[in-house]
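# An overview of the molecular structure
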Amino acid sequence: MGAFRYTSRSFVREVVMILAALLFAMPLYFLIAISLKTDQQLTLEPMKPPLADPEWGNYADAWSSGGTTGGMGRAFLNTLIITVGSVVCLVLVSSLTAYVIARRTSRLSNGLYVLFVVGFIMPATLGLVPIYVVMRGAGLLATYHGIIILHTAGILPFAVFLYVGFIRALPTEYEEAAQVDGAGMLRTFFKVVIPLLRPITTTVAMLSGLIVWNDFFLALIFMSGSSIGTLPIALNSFVNENYTQWNLVFAGATIAILPMLCVFVVAQRQFVRGLAGGIRG
Amino acid sequence: MTERTTKKKHADTSALPPLVVAGGPGGEDEGPGAVRWWRPRWLTGRNSGPAGGARKPPWFLAMLGIAFLIGMHFLAPLSGGVYAFTDWDGFNTATFIGWDNFREIMDSSVQRGALLHTFVLAGSYLVLVNVVGLVLALALNRTLKSRNFLRMVFFAPAVLSPLAVSYIWQYMFTYDGAINRMLGGIGLDGLRREWLGDPSTAIWCVLVVMVWQHAGQAMIIYLAGLQGVADELEEAAVIDGARLWMRLRRITLPLLAPAFTIVSTLMLISGLRVFDQVFALTGGGPVYSTETLATQVYQQTFVEGRFGFGASIAMVMTVLISILGIANMMYQRSRERRL
């Protein structure tokens with residue numbers, strides 16, 4: 001940008017955009033402002049910021065009470081376990097699978113690649129009932145590993161699609177060199193290929209982490225009523241218990257939202273690159 | 001000296017009876033005398049023939065991924081397709097009832113409504129999210145001092161839990177909520193209403209929340225596309241005296257065609273599957289005015305316990321998404337080619 005000076009037009013444009021952004025961010029202002037109000041402040045002056053004496057007690061309430069999970073605090077931990085578990089499994093399984101598909105150039109591997117793309121486009125909704133039945137039979141309902149497997153398998157086609165695109169563009173020389181040095185297949189993969197995949201792994205981990213962290217539909221079907229429900233599940237029960245007590249509800253919503261928002265602000269670049277470029281493959 | 005000993009040892013080994021096993025994924029040196037256990041090529045990933053290059057990774061490394069794919073994305077939907085023709089309740093034996101479930105979908109006003117609302121929501125979402133995203137991208141592509149911060153503000157909602165976001169908006173839409181207060185503040189008291197409680201406005205509230213949350217995502221995809229639009233091209237057009245609208249139509253928009261394809265495909269599919277927002281904002285009400293296919297799949301299957309009927313709605317949804325998704329992609333492709 002360097003020596004950027006406002007002309008009257010660019011100044012107006014800037015002001016207009018800032019106003020638009022303020023309007024756009026209004027719901028987030030209410031979220032934070034109301035979550036820090038007492039019941040009385042909420043009825044008397046709902047629009048004002050509670051700068052004088054913020055009511056942090058709402059957060060304590062939301063953190064420790066509500067739902068079968070026993071509060072947003074426990075749900076926070078559950079969500080963290082499930083998200084990390086799913087992302088790790090997904091990255092391992094999808095990178096290995098994509099590595100084989102990308103490096104074997106047979107008709108079979110091309111066919112499989114097409115199957116992965118089809119699996120990525122088609123919604124998995126129709127499979128819900130059979131999956132539910134199988135998981136109920138196998139005792140996987142409301143378990144950490146059950147939902148982790150579900151998320152891994154669910155996001156897999158997308159992740160494989162991203163990985164294959166990336167690996168195909170990667171030169172094979174490094175792997176050949178490792179093998180000449182006597183490294184086995186798995187050793188080559190973990191010591192040589194995985195480090196080379198770092199940029200796309202970041203994208204896959206970000207996008208899948210986002211999906212799993214925010215997932216409500218699968219958690220609702222496979223985790224609700226259990227003590228290991230995720231944040232959206234706990235938030236949903238918390239809202240049902242404190243209906244129209246917006247200060248409490250918003251404290252709960254903030255707990256559900258804040259971690260992702262922080263990660264986003266810190267790792268903005270990766271998110272933008274992932275969501276803009278990653279989708280393109 | 002050392003070399004000779006090694007050689008000698010090697011010769012000794014090969015003279016021994018065939019006990020040494022070479023091969024396997026290690027890829028050791030194989031003397032002519034070594035015995036190789038037969039292993040299928042798909043297992044070891046070894047290339048036959050003298051053509052060098054890296055050995056191909058063995059298929060078994062991909063087995064888990066392939067099993068997940070086949071299980072979750074092909075076998076499960078296929079058997080779900082079978083359930084769609086039964087009256088299964090999740091526990092008792094299922095009876096095959098032909099097309100009855102689908103007939104019920106067509107006869108029931110709730111299901112027909114769900115189908116209609118899904119179309120209306122997805123269609124208007126597709127249009128609005130594209131328009132808002134594109135306008136934001138064009139506005140923030142320019143040299144504004146605050147553009148990076150503004151981009152972050154507009155994009156942030158896309159990373160938040162749709163459920164939590166919907167609860168925030170539920171407050172915004174209540175009678176005492178922010179929207180009505182703001183309307184009152186600018187002297188439009190007459191417009192105050194219970195936005196989510198009115199069957200004629202509730203669905204548009206859902207739409208507002210969907211667009212608010214994802215317009216920023218469309219924006220960053222368009223911004224990425226705009227980076228490809230060369231400044232020189234724009235400048236040349238400016239020098240030629242092309243007006244803003246002309247420049248936009250002749251240069252910017254055609255170059256954004258690939259971004260348009262991505263945004264449209266993405267948003268069409270997510271619009272057809274909308275669940276969280278409806279669930280949190282209205283629960284499908286009032287009087288079924290916001291039911292969508294996804295909320296009905298959930299309701300019928302997991303609340304009412306009608307597994308067969310739920311599967312048939314899921315099937316309608318799957319067929320719809322596949323057809324519209326593919327049609328959209330083909331249309332976009334041909335459009336991109338024409339431009």
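Residues numbered from 1 in each chain as written. Chains lettered and ligands numbered in written order. Predicted model: local features only at pLDDT ≥ 70, side-chain atom pairs only at ≥ 80, totals over all residues.

Within an unreviewed UniProt entry, the label attached to chain A reads Carbohydrate ABC transporter permease, and the organism entered is Actinomadura soli. The UniProt entry for chain A carries the following comment under Sequence similarities (unreviewed entry): "Belongs to the binding-protein-dependent transport system permease family." (UniProt positions renumbered as here; feature names shortened; annotations may be inferred.)

### Re the overall build of chain B
From N to C terminus, chain B includes 15 helices and two strands. Once local pairs closer than 6 in sequence are excluded, the contacts in chain B between residues at least 24 apart make up 63%. (Helix = DSSP H or I, 4+ residues; strand = E, 2+ residues; numbered from the N terminus. Contact = placed C-beta atoms within 7 Å.)

### A word on the overall build of chain A
Broken down by element type, chain A carries 15 helices and zero strands. Whereas a compact globule of 281 residues would reach a radius of gyration of roughly 19 Å, chain A reaches 24 Å, over 25% beyond that. Out of the 281 residues belonging to chain A, those deemed buried represent 44%. (Rg over C-alpha atoms; globule rule 2.2 N^0.38 Å. Buried ≥ 20, exposed ≤ 12 C-beta atoms within 10 Å, placed from the backbone.)

### Topic: helix α7 (residues 128–137) of chain A
For α7 of chain A, the set of buried residues is Leu128, Val129, Pro130, Ile131 and Tyr132 of chain A. Within two residues after α7 of chain A, Gly139 of chain A carries a phi angle of roughly 65°, on the positive side.

### Side note on the interface of chain A and chain B
Interface extent is often summarised as the accessible area lost during association of the parts. Facing the 77 residues of chain A at the interface are 75 residues of chain B. Residues that form the side of chain A that touches chain B fall into these classes: 55 nonpolar, 15 polar and seven charged. (Nonpolar A, V, L, I, M, F, W, Y, C, P; charged D, E, K, R; others polar.)

### Looking at the environment of Gly165 of chain A
All names here are of chain A. In this structure, Gly165 sits in helix α8 (residues 144–168). Overall, Gly165 belongs to the partly exposed group, with 16 C-beta atoms counted inside 10 Å. A C-alpha to C-alpha distance of 9.6 Å links Gly165 and Ile200, two positions 35 residues apart in sequence.

### A look at the UniProt feature "transmembrane region" (unreviewed entry) in chain A
All names here are of chain A. Per the UniProt record, "transmembrane region" (unreviewed entry) is found at residues 15–36, 75–101, 113–135, 147–167, 188–211, 217–239 and 246–267. Along residues 15–36 one finds 91% helix and 0% strand; the C-alpha atoms at either end are 30 Å apart. The span residues 113–135 is 74% helix and 0% strand, and its two end C-alpha atoms sit 27 Å from each other.

### Some details on the domain arrangement of chain A
Residues and elements named next belong to chain A. Considered domain by domain, chain A is made up of domain 1 (8–55) and domain 2 (63–280). Inter-centroid distance (C-alpha atoms) of domain 1 to domain 2 is 34 Å. Of the residues lining the interface, seven residues belong to domain 1; the matching set on domain 2 comes to six residues. Listing elements by their share of the side of domain 1 that touches domain 2, those giving two or more residues are α2 (26–35) and α3 (39–44). The dominant element in the side of domain 1 that touches domain 2, judged by the number of residues it contributes, is α2, at four residues. (Domains from an automatic or database assignment.)

### So, helix α3 (residues 63–83) of chain B
All names here are of chain B. Helix length check: α3, at 21 residues, gives a terminal C-alpha distance of 28 Å against a target of 30 Å (1.5 Å per residue), a fit within 8%. The largest bend in α3 is about 35°, located at Gly71. By the burial criterion, the buried members of α3 are Gly65, Phe68, Leu69, Met72, His73, Ala76, Pro77, Gly80 and Tyr83. (Expected span 1.5 Å × (residues − 1). Bend = angle between axes of the 7 residues up to and from the residue.)

### Structural notes on unusual backbone geometry
Apart from glycine, the bulk of residues carry a negative phi angle, and the bulk of peptide bonds sit in the trans form. Residues and elements named next belong to chain B. Positive phi values are uncommon outside glycine, yet Val287 reaches one of about 40°. With respect to the helices and strands, Val287 occurs in the loop between α13 (276–281) and α14 (293–303). The backbone of Tyr288 shows a phi angle near 60°, a positive value even though the residue is not glycine. By the secondary structure assignment, Tyr288 is in the loop between α13 and α14.

### Here we look at the UniProt feature "domain: ABC transmembrane type-1" (unreviewed entry) in chain A
Per the UniProt entry, the sites bearing "domain: ABC transmembrane type-1" (unreviewed entry) are residues 76–267 of chain A in this numbering. Structurally, residues 76–267 of chain A is divided into 80% helix and 0% strand, and its ends, taken at the C-alpha atoms, are 20 Å apart.

### Quick word on the environment of Arg337 of chain B
Residue and element names in this part refer to chain B. Here Arg337 lies in helix α15 (residues 307–338). In this structure Arg337 comes out as exposed when scored by C-beta crowding, with 8 C-beta atoms within 10 Å. C-alpha of Arg337 to C-alpha of Ser200: the two residues are 137 residues apart in sequence and 41 Å apart in space.

### Observations concerning the nonpolar core
Within the largest apolar cluster, 168 residues are counted, with the highest numbers of intra-cluster contacts made by Ala253 of chain A together with Ala164, Ile168, Val206 and Met219 of chain B. The element contributing the most residues to this core is helix α9 (residues 202–226) of chain B, with 17 residues. When we break this core down by domain, the ones giving at least three residues each are domain 1 (8–55) and domain 2 (63–280) of chain A. (Core = buried A, V, L, I, M, F, W, Y, C linked by C-beta atoms within 7 Å.)

### Structural notes on the environment of Phe279 of chain B
Note that Phe279 of chain B resides in helix α13. Between the alpha carbons of Phe279 of chain B and Leu163 of chain B there is a distance of 8.1 Å; along the sequence they are 116 residues apart.

### Brief notes about the packing of helix α5 (residues 109–140) of chain B against α9 of chain B
All names here are of chain B. Interhelical geometry of α5 versus α9 gives an angle of 40° and a closest axis separation of 6 Å. Taken together, the axes of α5 and α9 are oblique relative to one another. Considering how the two elements wind past one another, α5 and α9 form a crossing that is right-handed. Of the residues belonging to the contact of α5 with α9, the class tally is 21 nonpolar, five polar and no charged. (Axes fitted to C-alpha atoms, helices over the stretch in contact; angles between N-to-C directions. Parallel < 35°, antiparallel > 145°, perpendicular 65-115°, else oblique. Left-handed = near helix turned anticlockwise from the far one by under 90°.)

### Describing the confidence of the model for chain B
Residues and elements named next belong to chain B. When pLDDT is averaged along chain B, the result is 80, and 80% of the positions lie at 70 or above. For the stretch residues 1–34, pLDDT sits under 50, and the model shows 25 contacts to residues farther than four places along the chain or on other chains. Here residues 47–52 is modelled with pLDDT under 50, and outside its nearest four sequence neighbours on either side it reaches three contacts, counting other chains as well. For this predicted complex, the interface confidence score (ipTM) comes to 0.88, while the overall pTM stands at 0.84. (pLDDT = per-residue confidence, 0-100.)

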